[in-house]
Amino acid sequence: MTTSRTLRQTDFLPTKFSGDRLDYNDCTAHILTFEDYLDAHDIDSDNAGNLTTILKTFKRTLEGQARLWIDKLTFTTYDDLKTAFTRRFSPAKSTFARVTDFNTMTMTDGESVETFLQRLRQTASYIDYGEKQIKDRLLAALTPDCRAAILMASPTSTTTPDEIAAKAQLFIDLRTDTTPTKEVTFATQDDVDLLSEEISSLRFKTEQKDSRGRRRNRHSQHNDSDRSTSRSASRTRHRDDHNRHERSLSRDRHHSDYRRSLDTAGSNLDNQTRQANLDKYPHLDPSDPIANMTEDQIIRAHIDLKDSVLSPSEKNELIQILKDNRPAFSLYALTRHPTNST
């Protein structure tokens, strides 16, 4: 029969660490071994009530200059202890070297955006960089299409690095998803072509009607001339004035019909765009102006590049990137419902 053995206080305690040699791997290994000790003895390092016990036990694992170093310090959390210990007993780097490391950091293959953000924050802590520098470096490390999608979705001035990381990860996940999808697009150009044909047809019919009217007028004038060769010159002038007035009225009716046909065509196009948007995005408020806007209009309305340092060609390239990567996000959803974790 086997019996369970009660752990002694020294079981799994790591060997003494002196800190005589500055080595990142040595101090990291000591921390990991100490955390194994905490797990074996069911000591929760996240519980603030255990901090006194943890500090007392950790001191017992140190000797020499490492033991002298910790006696001079106080800590509010276990994470503070780990960070301070690792910094003190890792090889020192100059501020310039750490700034260079920060400014050249990139995501590795298979690394999540959240993990990359943690690495950025770790390096930034050595050089006193804040959230703004971390956010700028995070955006710079993203691919151009991913960065463009995030910049379009919400203003970066009010977006935190964690929110940017969440949106970037969503974008990457969507791009790597191989599940076949069917993109629903607006048939705006087809509608425009159809309406253009209808307008042309109306114009042709109106011109034909005017042409027949003019021929009838000319024929009537010719017959009247034969029958009234003896009429006075005043009657002839009156008839000519009347005919000119009729032609003027005919032209006015033609222009009025043409303008009405254009107004009707434009209204039909707006109604079709509006209905397509409301069908595709049920959450849209029917009174919201974007319900009547096409995707291209929304992109140009919500991305203000007026004060940008980009050249005209770079601005056009950014707009084109957004259009090319439309399947990765919803213009109408992100414009009115940005993810909250901008």
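Each remark here, short or long, concerns the structure printed above.
Residues numbered from 1 in each chain as written. Predicted model: local features only at pLDDT ≥ 70, side-chain atom pairs only at ≥ 80, totals over all residues. Heavy atoms only, no water.

**Student:** Can you help me understand the overall build of the chain in this one?
**Tutor:** Looking only at helices and strands, the chain features 14 helices and 0 strands. Counting from the amino terminus, the chain carries its helices and strands in the arrangement α-α-α-α-α-α-α-α-α-α-α-α-α-α. Within the chain, the fraction of its 342 residues that count as buried is 31%. For the chain, the accessible area works out to roughly 22400 Å², and carbon and sulfur atoms hold 50% of it. (Helix = DSSP H or I, 4+ residues; strand = E, 2+ residues; numbered from the N terminus. Buried < 20%, exposed > 50% of the residue type's maximum accessible area, 1.4 Å probe, protein only. Areas by Shrake-Rupley, 256 points an atom, 1.4 Å probe, with all protein chains shown as cover.)

**Student:** How do you make sense of the layout of surface pockets when you look at a structure like this?
**Tutor:** Taking a probe equal in size to a water molecule and rolling it over the atoms shows the remaining empty space. As a volume, the second largest pocket reaches approximately 330 Å³. Lining the second largest pocket are Tyr 24, Thr 28, Ile 31, Leu 32, Glu 35, Asp 79, Lys 82, Thr 83, Thr 86, Arg 87, Gln 122 and Tyr 126. Contributing elements (two or more residues each) for the lining of the second largest pocket: helix 1 (24-40), helix 4 (78-88) and helix 6 (113-126). Split into classes, the residues belonging to the lining of the second largest pocket amount to 4 nonpolar, 4 polar and 4 charged. (1 Å grid on protein atoms, 1.4 Å probe; cavity = no way out; pocket = protein on both sides within 12 Å on 5 of 7 lines; lining within 4 Å. Points joined across faces, edges and corners; volume = space filled by probe spheres on them. Nonpolar A, V, L, I, M, F, W, Y, C, P; charged D, E, K, R; others polar.)

**Student:** Can you help me understand the packing of aromatic side chains in this one?
**Tutor:** Where two aromatic rings form a pair, the distance of their centres and the angle of their planes describe that pair. Considering all chains together, one arrives at 11 aromatic pairs under this definition. Ring plane angle 50 degrees and centroid distance 5.2 Å describe the contact between Phe 85 and Phe 89, whose orientation is recorded as tilted. On the basis of relative accessible area, Phe 85 is assigned to the buried category, the value being 0%. Taking relative accessible area as the criterion, Phe 89 reaches 0% and is therefore assigned buried. (Phe/Tyr/Trp six-rings, centres within 6.5 Å; stacked < 30°, edge-to-face > 60°.)

**Student:** What is the right way to look at the side chain of Glu 111 in this model?
**Tutor:** Among the structural elements, Glu 111 can be located in the loop between helix 5 (95-103) and helix 6. Judged by relative accessible area, Glu 111 falls into the buried class, the value being 14%. In this structure the side chain of Glu 111 is engaged in a polar contact, spanning 3.0 Å, whose partner is the backbone nitrogen of Thr 108. Contact partners of Glu 111, with chain neighbours within four places excluded, come to Thr 106, Phe 116 and Arg 119. (Polar contact = N/O pair within 3.5 Å; in protein donor to acceptor, adjacent residues only side chain to side chain. Contact = heavy atoms within 4.5 Å.)

**Student:** Explain helix 9 (residues 161-176) here, please?
**Tutor:** An α-helix turns once per 3.6 residues; consequently, residues spaced three or four apart project the same way. Over its 16 residues, helix 9 extends 22 Å from the first C-alpha to the last, a length consistent with the 22 Å expected when each residue adds 1.5 Å. Every buried residue of helix 9 is listed here: Pro 161, Glu 163, Ile 164, Ala 165, Lys 167, Ala 168 and Phe 171. Against helix 6, helix 7 (131-141) and helix 8 (144-153) lie the buried residues of helix 9. (Expected span 1.5 Å × (residues − 1).)

**Student:** What is the right way to read the pattern of salt bridges from this model?
**Tutor:** Pairing of side chains with opposite charge becomes possible as their charged atoms draw close. For the coordinates displayed, the defined rule picks out 12 salt bridges. Between Lys 82 and Glu 35 there is a salt bridge; the shortest N-O distance is 3.2 Å. Within this pair, whereas Lys 82 is found in helix 4, its partner Glu 35 is found in helix 1, the two being separated by 47 residues in sequence. Among the ionic pairs, Glu 131 bridges to Arg 121, the shortest N-O distance being 3.0 Å. (Salt bridge = Lys/Arg side-chain N within 4 Å of Asp/Glu carboxyl O.)

Geometric values such as these leave the question of function open.
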